[in-house]
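Read off the chains here:
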Amino acid sequence: MSRRALLRTGAGVAAATAGGGLSLFAAEPAYATVPASQRFVFEGAGGDPVVRATLHQPYWAMQSFAFDHVHGHIYFVQTKVGSTNGDLWVTRTDLHGKVLGAMALHGFDHGSSMAIQPDTAESPYVWLAGDWRSLSSGAAPNSHTICRVKYRDGGALAYKDAGVRKFPIGLSDFRDCPRPSIDPYTNRLLVRYMGTTSPWRLALFDLPAVIGKGISDTTPVLAKRALPTNAQLGLAESDHFQGVTSYGQYVYLSYGGPPARPTDPAKPSYLVRLDMNKAGASVEEVYRTRAGESLPGREPQGMAIWRSSDGPRLAFGFSSKISGSPDEFRATVFYKSDLTG
């Protein structure tokens, strides 16, 4: 399969609210305006730096990834399919997916979102969701906090260990299930979480404020807004959330799911752009991406901003599956680089 065949993209899909229009529900408190920024063009130029890479644990599926732009590495999070214990592998690779090291994490999360805060070479801070457990008898386990760990090749950490810095979520509109991402250009932390005032919400903070004060109503927040429902995005309920990141004033999300069998045609996958200076059900664009449609068992997994030497890139990933006993998984990363606005 050629890289050109993998990098096919489709036309934009009109975003619709539940009422059929692109309405703006502003029944939310106002916050400081996020400074204006450019936005990525989904139809624009791009590339595929990582294609069908085998990560540290070939039988665990890639869930998310992020870049250490200072030292030129990618960090991938892997989880064991069907596992309910929150164990993860973090795989460190070069910018083409060659494995350079790995670290084991126990009792953290499913790994559906992560972030990298560069520090020393081969040892950045990894931001993840944590505290994987059930809050009540009979309930499925989930993650309840954001946490930060120091990456170490060959290392291992349990969530309860002292080496894990934990950030409980003290927001009054927080219910559960936080997911972190860091914009490497603005040094802002974006948190997606299940809210009390809408099904899912987004909050944007300066990272130093979070490190110094935690995540609570007393931490200065740059912006908050509801995340539109799948119906408001014009998507099916089976189009699952698969990744989130931010660049400037805009948030980017990935949606989709795997085919029933690896040999079945790929299911639709979507890229979504939202404006943090807007609220409610407002949607900027929903775009069906055909990148990687020839990958077997293609499932979107993860998004990240790549601060490359050639400029900003919006990276989005796919896990692919090779049937076997057990199944094997590969990781592929695409990016968009055209900006406008």
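Quick notes on the rules
Residues numbered from 1 in each chain as written. Predicted model: local features only at pLDDT ≥ 70, side-chain atom pairs only at ≥ 80, totals over all residues. Heavy atoms only, no water. Pairing = 2+ DSSP bridges. Helix = DSSP H or I, 4+ residues; strand = E, 2+ residues; numbered from the N terminus. Axes fitted to C-alpha atoms, helices over the stretch in contact; angles between N-to-C directions. Buried < 20%, exposed > 50% of the residue type's maximum accessible area, 1.4 Å probe, protein only.

Student: Where do I start with the sheet that holds strand E14 (residues 188-195) in this structure?
Tutor: Adjacent strands of a sheet form backbone hydrogen bonds with each other and so pair up, either parallel or antiparallel. Spatially, four strands are ordered E13-E14-E15-E17 in an open sheet, and the strand pairing comes out antiparallel. Strands at the two margins of the open sheet, each flanked by one partner only, are strand E13 (174-183) and strand E17 (223-226). Each strand axis lies, on average, 20 degrees off the axis of its neighbour in the sheet, ignoring direction.

Student: Got a minute to help me understand the sheet that holds strand E24 (residues 328-336) in this structure?
Tutor: An order of E3-E24-E23-E22 is seen for the four strands of this open sheet, with the pairing classed as antiparallel. With one partner strand each, in any of the chains shown, strand E3 (46-53) and strand E22 (299-308) form the two edges of the open sheet. With strand direction ignored, the average angle separating the axes of adjacent strands in the sheet is 20 degrees. Strand direction decides the pairing type here: E22 and strand E23 (residues 311-322), joined by eight bridges, are antiparallel. Its bridge partner being in E23, Glu299 is matched across the sheet by Ser319.

Student: I tried to follow the pairing of strand E4 (residues 61-68) on my own but got confused; where do I start?
Tutor: Every other side chain in a regular strand lies on the same face of the sheet, so the side chains alternate between the two faces. Burial of E4 is extensive: eight of the eight residues sit out of reach of the surface. Bridging between E4 and strand E5 (residues 73-79) involves seven bridges; their strand directions are antiparallel. In the sheet register, Phe65 faces E5, and the bridge partner there is Phe76. Hairpin geometry of E4 and E5 is characterised by an intervening segment of four residues between the two adjacent antiparallel strands and by a positive phi of about 75 degrees at Gly72.

That's the geometry; what it means functionally is another story.
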